[in-house]
Amino acid sequence: MASNIYLVRQRISRLGQRMSAFQINLNPLKEPLGFIKVLEWIASIFAFATCGGFKGKTEILVHCPPSNDSKTITATFGYPFRLNEASFESPPHVNVCDVTWKDHVLIGDYSSSAQFYVTFAVCVFLYCIAALLLYVGYTNLYRDSRKLPMVDFVVTLVVTFLWLVSTSAWAKALTDIKIATGPSIVQELAPCKKTGVMCYFGSVTSMGSLNVSVIFGFLNMILWGGNAWFVYKETSLHSPSNTSVPHSQGGIPPPAGM
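Because the structure is predicted, anything quoted here is derived from the model rather than measured. (Residues numbered from 1 in each chain as written. Predicted model: local features only at pLDDT ≥ 70, side-chain atom pairs only at ≥ 80, totals over all residues. Heavy atoms only, no water.)

**Q** When you look at the nonpolar core in this model, what are you seeing that I'm missing?
**A** The tendency in soluble globular proteins is for nonpolar side chains to be buried side by side. Judged by nonpolar contacts, the single largest core of 47 residues is most densely connected at Ile-60, Val-62, Phe-81, Phe-88, Trp-163 and Trp-170. Of all the secondary-structure elements, those providing two or more residues to this core are α2 (32-52), β1 (55-63), β2 (71-78), α3 (111-137), α5 (147-180), α6 (185-188) and α7 (208-232). Of all hydrophobic cores here, the second largest spans eight residues; its members include Leu-33, Tyr-142, Phe-153 and Ala-228. (Core = buried A, V, L, I, M, F, W, Y, C linked by side-chain atoms within 4.5 Å. Buried < 20%, exposed > 50% of the residue type's maximum accessible area, 1.4 Å probe, protein only. Helix = DSSP H or I, 4+ residues; strand = E, 2+ residues; numbered from the N terminus.)

**Q** Explain the sheet that holds strand β4 (residues 198-204) to me, please; I cannot follow it from the model alone.
**A** Strand pairs in the sheet, formed through backbone hydrogen bonds, run parallel or antiparallel to each other. With antiparallel pairing, four strands are arranged side by side in an open sheet as β3-β2-β1-β4. Sheet topology places β3 (88-89) and β4 at the edges, where each strand pairs with a single neighbour. Relative to β4, β1 is paired through six bridges, and the arrangement is antiparallel. Bridged to Leu-61 within β4 is Tyr-200. (Pairing = 2+ DSSP bridges.)

**Q** Could you clarify how one ought to interpret the UniProt feature "transmembrane region" (unreviewed entry) in the protein in this entry?
**A** UniProt annotation of "transmembrane region" (unreviewed entry) refers to residues 116-138, 150-171 and 210-232 when read in the numbering used here. Taken end to end, residues 116-138 is 96% helix and 0% strand, and its first and last C-alpha atoms sit 32 Å apart. The straight-line gap between the two end C-alpha atoms of residues 150-171 is 32 Å; of that span, 100% is helix and 0% is strand. (UniProt positions renumbered as here; feature names shortened; annotations may be inferred.)

**Q** What is the right way to look at the environment of Leu-106 in this model?
**A** The topology assignment puts Leu-106 in the loop between β3 and α3. A C-alpha to C-alpha distance of 8.9 Å links Leu-106 and Phe-77, two positions 29 residues apart in sequence.

**Q** Please explain the pattern of salt bridges as it appears in this structure.
**A** Under the criterion given, the structure shown has five salt bridges. Linking Glu-31 and Arg-143 is a salt bridge whose minimum nitrogen-to-oxygen distance equals 2.5 Å. One end of the pair, Glu-31, is in the loop between α1 (2-20) and α2; the other, Arg-143, is in helix α4 (residues 139-144), with 112 residues separating them in the sequence. With relative accessibility at 34%, the residue Arg-143 sits in the partly exposed group. Between Glu-234 and Arg-143 there is a salt bridge, and its shortest N-O distance comes to 3.6 Å. Residue Glu-234 is found in the segment after α7, and its partner Arg-143 is found in helix α4; the two are separated by 91 residues along the sequence. Assessed through its relative accessible area of 25%, Glu-234 is described here as partly exposed. Salt bridges sharing common partners tie together Glu-31, Arg-143 and Glu-234. (Salt bridge = Lys/Arg side-chain N within 4 Å of Asp/Glu carboxyl O.)

**Q** Hey, could you run me through the state of the cysteines in this one?
**A** By definition, a disulfide links the sulfur atoms of two cysteines through a covalent bond. Following the criterion strictly, the structure yields two disulfides and no others. Linked covalently through their sulfurs, Cys-64 and Cys-97 form a disulfide whose S-S length is 2.2 Å. Of note, the bridge from Cys-64 to Cys-97 carries an S-S torsion of about -110° and is left-handed in sense. Here the residue Cys-64 occupies a position in the loop between β1 and β2, and Cys-97 occupies one in the loop between β3 and α3, the gap between them amounting to 33 residues. Using a relative accessible area of 16% as the deciding quantity, one classes Cys-64 as buried. (Disulfide = S-S within 2.5 Å.)

**Q** Can you help me understand the side chain of Thr-58 in this one?
**A** The residue Thr-58 is located in strand β1 in this model. Its relative accessible area of 0% is what places Thr-58 among the buried residues. Sequence-distant contacts of Thr-58, that is, excluding residues within four places in its chain, are made with Ile-73, Thr-74, Ala-75, Phe-77, Leu-106, Thr-181, Phe-201, Ser-203 and Val-204. (Contact = heavy atoms within 4.5 Å.)

In structure tokens, the structure reads:
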């Protein structure tokens, strides 16, 4: 029992000494392992920024007799895309066809897919910072350890898969958002079905930034999938001899010719 406690204390002491030996080494950033991690960090920023910062609106032109002009009603929406909470608004102090337009909203709730995508991108952003700090500040600790490269490799595989899942879900939700805020909304509004009331689809905010967010999602998946090989090369699965005891510390060298 006492020997086990001593070994634990010894390991903690060694780990503390290694962690205290913080020393900046930029060489890993020149290698694929560190360079791709920087690209992943940047790509994750674009992923959650282009989606989470979106604001848009859809406009419908309403014409009701006996007036000859049309009025514009507007529904404003944005992240996290709870469209069923985005109500229409008429111009201030203007009665449009005797309808309370605030009682009418867009259709659909796509917050789950959008929030999952953005939250995951933010988590990836934070993980990239931690990984880069480990690569640059604790290079020897990372490469002399068996567990750290293995953990990094497993996380890389999981993140690659989750990028595929989250981006695919968000891409499907984006398609539905475009439909729900497009010309089809005219057919769903009850006031537009009244006799004499004519509604025409006006415009909707361009969703180019949301398209970019989907592109960056799949780009992140490719980056993480490609980087998995370089992380794998750091593990004991690829180079088991790197984790063996060095010859200078009492290790036995392999026979000649092997």
